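Structural characterization, general
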Amino acid sequence: MSTDYSNFTVKRIGCIGAGYVGGPTMSMIAKYCPHIDVYIFDLNQTRINAWNSDNLPIYEPGLDEIVQERRGKNLFFTTDYTEAVIKSDVVFLSVNTPTKHYGLGKGRQADLKFIELCARQIRDSVKTGHKIIVEKSTVPIKTAMAVSRILKTSSDSQATFDILSNPEFLAEGTAVKDLENPDRVLIGGENPAAIKILADVYANWVKREQIIQTNLWSSELSKLVANCFLAQRISSINAVSAICEATGANVNEVAHAVGMDKRIGSRFLQASVGFGGSCFQKDILNLTYLAEHYHLKEVADYFYGVISMNDWQKQRFAQKVVHKLFNTVSSKKLSVLGFAFKKDTGDTRESSSIFICSKLVEERAYLNIYDPKVSELQIMDDIMRVMNDAYDGDFSAHLDTTPESEMVRRCVKVIKDPYECVKDTHAVLIMTEWDEFKTYDWKKMYDSMKKPAFLFDGRNILDHSKLEEIGFDVYSIGVAEKNPAQW
Ligand SMILES: NC(=O)c1ccc[n+]([C@@H]2O[C@H](COP(=O)([O-])OP(=O)(O)OC[C@H]3O[C@@H](n4cnc5c(N)ncnc54)[C@H](O)[C@@H]3O)[C@@H](O)[C@H]2O)c1
C-alpha cells in the first residue's frame, strides 16, 4: 500500500556523502530552499572539517560563496548521523560507487558496498515514521530494488520508505552552473506522490517542464547511458584526430565543420589527450558489465571500444613525446602543465596526466609538474599508485618504500610557479585546459628552456603559429606534423 503524503512536509533533508556531488547539490538546495534545513553527513571527519572551514575540500567556481551564505543557517556539514539522517524527511545517498577492484566483476562491476552499507545503517537506526530515500549516486540498474529489500527486512521497525532514483548530471568544474540551471532533473520512482515531494523541492528553482519522471530502472539506466554517450563523443573525435595526423587534415577544422550540423552539435568535440574523471570510465565499465550479464556481448563490446580508444590516445601521446625528443627522454627534464582531469577542478581521479606522467617516469624522464589547484601530496600519491598498480585505499605504508615509489620521488618535482616549472626543461606538455596557460608569457618560457624547445599541446588550447614564431617545436593533437621525417 503506498504511503499517504497529504500530511508530509519536507522540513529537513539529509545527505550521506559529502563529496563532489553531495556537497554542491545539497548547497544548492539550501540556497534555494531557505525553509528546509539541509544536513550533510560523512564518515570522513577531515572532509567534514574542511567543509566547515574557509578551505573547502573541493574547488568549484561559485561554490565558496553559496556555502558561506548558507552554512550555519540552513546548511550543516556533520558527522552526527542522528541529526543528518534519523531526523530527516528525505535522505539522499551520495556515496562513492567505484569500480570493483577485487573478486567477481573485478575491473568492471560497480562496487556497491557503500550504498548497501547506507541502506543497512538506515534500516538499523530508523524505527518509526516515513522517509524518502533518494539514490543520488550513479548505480547499476536494479540497485533500488536491493536498497528497498534491505530497508524492508527489519523485524522491530514501524518505519516505512519510498525509494527514488535521482541521478546527478553535473559536470565538475561547472557544478554550480549546472545545478543552478540544469538541462533536466530526472526522478525515477514507483510512487507518484513521493516523486511529487522531491519534484516540489527542485521546483523552488528549476522549471517544472525540466523535471522529468520515469520508472526507477529508466532513471538508473539514463545516467549510465548519458555518460557513455558523452565519453563516446570524445573517443570519436580522438579517433578522428589520429586520422587527421596521418592525412594532413586538421581535427579542429573537422570538428568545427561537423559540429555545425545541428543534429550533431558542437559541444564535446574537442580532441585531447583523452578523457578522465571519476565517472566516464567507471560508468562505461558498469554498462558493459550489465550488458554482459544480460548476454548482450555485442553491446558490451561496442561501448567498451570507447575506453580502448581513450587508452590508446593516452598511450599515443606519451609515445609521441618520446619519439619527438629523439627517441629518448631518459635523463631529460620535461615540464607538465596541468594535472587535474579538466580545468576548474582540483579533482585528479583518472586524469590522463597520471597515466602519461607514469609512462614518462618509466622512460626515466625527470618531470616538473605544475597545476594551479592540485596539491603536491595528491600528485605524488596519484603517480605512485599507478606505478605500484595500487587502487583507492590500497596505498599502505609498505608501498611507500617500493622501488617504483623511490623512482617517483627521485624523478618528479611539483613546482608552484609555472615559470620555474618550465625553466631548463626540454619540453612543455599541456595536460589540462586551464585558461591561465593561454595568458603566459611564452617567449619568456621559451628563453628559459633548453633548445630545441618542444611543446606538446595535449588540449589544443594555445596559439600554435605564435609559439612556432617564438621558436618552439610544436606538436598538437590531430594536426599533421610539418616535417614528420625530421628531428
Ligand atoms: N563527481 C562527479 O562529477 C559526479 C557526477 C555525477 C554523479 N556522480 C556520482 O555520484 C556519486 C558520488 O560521487 P562523488 O564524486 O561525490 O564521490 P566522492 O568520493 O567525492 O564522495 C563520496 C563521499 O561518500 C562518503 N561515504 C562513503 N560511504 C559512506 C557512508 N557509509 N557514510 C557516510 N559517508 C560515506 C565518502 O567518505 C566520501 O566523502 C558516485 O556514484 C558518482 O558516480 C559523480
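Residues numbered from 1 in each chain as written. Predicted model: local features only at pLDDT ≥ 70, side-chain atom pairs only at ≥ 80, totals over all residues. Heavy atoms only, no water.

1. Remarks on the sheet that holds strand E11 (residues 412–414)
The 6 strands lie next to each other as E11-E10-E9-E12-E13-E14, forming an open sheet whose pairing is parallel. With one partner strand each, in any of the chains shown, E11 and strand E14 (473–476) form the two edges of the open sheet. The average undirected angle you get between the axes of adjacent strands in this sheet is 20 degrees. With 3 bridges joining them, strand E10 (residues 366–370) and E11 adopt parallel strand pairing. Directly across from Asn-368, in E11, lies its bridge partner Lys-413. (Pairing = 2+ DSSP bridges. Helix = DSSP H or I, 4+ residues; strand = E, 2+ residues; numbered from the N terminus. Axes fitted to C-alpha atoms, helices over the stretch in contact; angles between N-to-C directions.)

2. Remarks on helix H5 (residues 113–125)
An ideal rise of 1.5 Å per residue puts 18 Å on 13 residues; H5 measures up with 18 Å between its terminal C-alpha atoms. Residues of H5 that are buried make contact with strand E1 (12–16), helix H4 (81–86), strand E4 (90–93), strand E5 (130–135), helix H6 (143–151) and strand E6 (160–165). (Expected span 1.5 Å × (residues − 1). Contact = heavy atoms within 4.5 Å.)

3. Some details on the domain arrangement of the protein
Accessible area lost on assembly of the parts is the figure often given for the size of an interface. One can read the domain layout of the protein as domain 1 (12–214) and domain 2 (234–476). The C-alpha centroid of domain 2 is placed 32 Å from the C-alpha centroid of domain 1. Contact residues are listed per partner, giving 21 residues for domain 1 and 23 residues for domain 2. Carbon and sulfur atoms supply 53% of the area that domain 1 and domain 2 bury against each other, a total of about 1,800 Å² over both sides. On the domain 1 side of the interface with domain 2, the three residues burying the most area are Tyr-59, Arg-108 and Glu-172, jointly 40% of the side's total. Linking domain 1 to domain 2 there are 2 salt bridges. If you look at where domain 1 meets domain 2, you find 7 residue pairs in polar contact (both at pLDDT 80 or more). Taken together, the residues of the side of domain 1 that touches domain 2 sort by class into 9 nonpolar, 8 polar and 4 charged. (Domains from an automatic or database assignment. Buried area = accessible area lost by both parts, 1.4 Å probe. Salt bridge = Lys/Arg side-chain N within 4 Å of Asp/Glu carboxyl O. Polar contact = N/O pair within 3.5 Å; in protein donor to acceptor, adjacent residues only side chain to side chain. Nonpolar A, V, L, I, M, F, W, Y, C, P; charged D, E, K, R; others polar.)

4. Digging into the UniProt feature "active site" (unreviewed entry) in the protein
Here, the residues flagged by UniProt with the feature "active site" (unreviewed entry) are Cys-279. Mapped onto the secondary structure, Cys-279 falls in the loop between helix H10 (251–259) and helix H11 (280–293). The class of Cys-279 is partly exposed, set by a relative accessible area of 28%. (UniProt positions renumbered as here; feature names shortened; annotations may be inferred. Buried < 20%, exposed > 50% of the residue type's maximum accessible area, 1.4 Å probe, protein only.)

5. A few points about the sheet that holds E4
Strand order in the open sheet formed by 8 strands is E3-E2-E1-E4-E5-E6-E7-E8, and the pairing between neighbours is mixed. Edge positions in the sheet fall to strand E3 (75–78) and strand E8 (211–214), since each of these pairs with one other strand and no more. When the angles between neighbouring strand axes are averaged without regard to direction, this sheet yields 25 degrees. Across 6 bridges, the pairing between E5 and E6 is parallel. When the bridges of E6 are listed, His-130 appears paired with Thr-160. Its contacts with the sheet place helix H1 (residues 22–32) against E1, strand E2 (37–41), E3 and E4, and it is angled at close to 170 degrees to E2. Against the sheet, helix H9 (residues 216–247) contacts E5, E6, strand E7 (185–189) and E8, and its axis sits at roughly 140 degrees relative to E7.

6. A short note on the pairing of E5
Burial within E5 is extensive, with 6 of its 6 residues counted as buried. Burial along E5 is two-sided: the residues His-130, Ile-132 and Val-134 and Lys-131, Ile-133 and Glu-135 are all buried. As paired strands, E4 and E5 are joined by 4 bridges and run parallel to one another. Opposite Leu-93, over in E5, you have Glu-135 as the bridge partner. Remark: the E4/H5/E5 crossover connection has right-handed handedness. (Right-handed = clockwise from strand over helix to strand, strands pointing away.)

7. Quick notes on the packing of H11 against helix H12 (residues 297–324)
Between H11 and H12, whose axes approach to 8 Å, the crossing angle comes to 155 degrees. With respect to H12, the axis of H11 lies roughly antiparallel. Where H11 crosses over H12, the handedness of that crossing is left-handed. Contacts between H11 and H12 involve Gln-281, Ile-284, Leu-285, Leu-287, Thr-288, Ala-291 and Glu-292 from the first element and Val-299, Ala-300, Phe-303, Tyr-304, Val-306, Ile-307 and Asp-311 from the second. A breakdown of the residues in the contact of H11 with H12 according to their chemical character gives 10 nonpolar, 2 polar and 2 charged. (Parallel < 35°, antiparallel > 145°, perpendicular 65-115°, else oblique. Left-handed = near helix turned anticlockwise from the far one by under 90°.)

8. Some details on the nonpolar core
Grouped together as the largest cluster of nonpolar side chains are 64 residues, with contacts concentrated most on Leu-337, Leu-360, Leu-367, Leu-429 and Trp-442. In this structure, Val-10, Ile-48, Ile-195 and Ile-211 belong to the second largest nonpolar core, which totals 45 residues. (Core = buried A, V, L, I, M, F, W, Y, C linked by side-chain atoms within 4.5 Å.)

9. Some remarks on the site of the ligand
Among the 28 residues in the neighbourhood of the ligand, the closest are listed as Asp-42, Arg-47, Thr-97, Glu-172 and Lys-282. Val-21 is positioned such that a nitrogen or oxygen atom in its backbone is 2.9 Å from an oxygen atom of the ligand. Notes on the ligand: free accessible area 840 Å², of which the protein chains cover 93%. Looking at the shell around the ligand, the element that brings in the most residues is H5, giving 4 residues. Looking at side-chain class alone, the shell around the ligand contains 11 nonpolar, 10 polar and 7 charged residues. (Near = heavy atom within 4 Å. Areas by Shrake-Rupley, 256 points an atom, 1.4 Å probe, with all protein chains shown as cover.)

10. Focus on the packing of H9 against H11
One way to put it is that H9 packs onto H11 with a least axis distance of 9 Å and a crossing angle of 115 degrees. Between H9 and H11 lies a crossing whose hand is left-handed. Contacts between H9 and H11 involve Leu-221, Lys-223, Leu-224, Asn-227, Cys-228, Leu-230, Ala-231 and Ile-234 from the first element and Phe-280, Asp-283, Ile-284, Asn-286, Leu-287 and Leu-290 from the second. Here the residues of the contact of H9 with H11 sort into 10 nonpolar, 2 polar and 2 charged.

11. Considerations on H11
Its 14 residues give H11 an end-to-end C-alpha distance of 20 Å, which sits within 8% of 20 Å, the value for a rise of 1.5 Å per residue. Burial runs high along H11: 10 of the 14 residues are buried. Three or more residues of H11 are buried, namely Phe-280, Lys-282, Asp-283, Ile-284, Leu-285, Asn-286, Leu-287, Thr-288, Leu-290 and Ala-291. Elements that come into contact with the buried residues of H11 comprise H9 and H12. His-295 lies just past H11 and shows a positive phi near 60 degrees.

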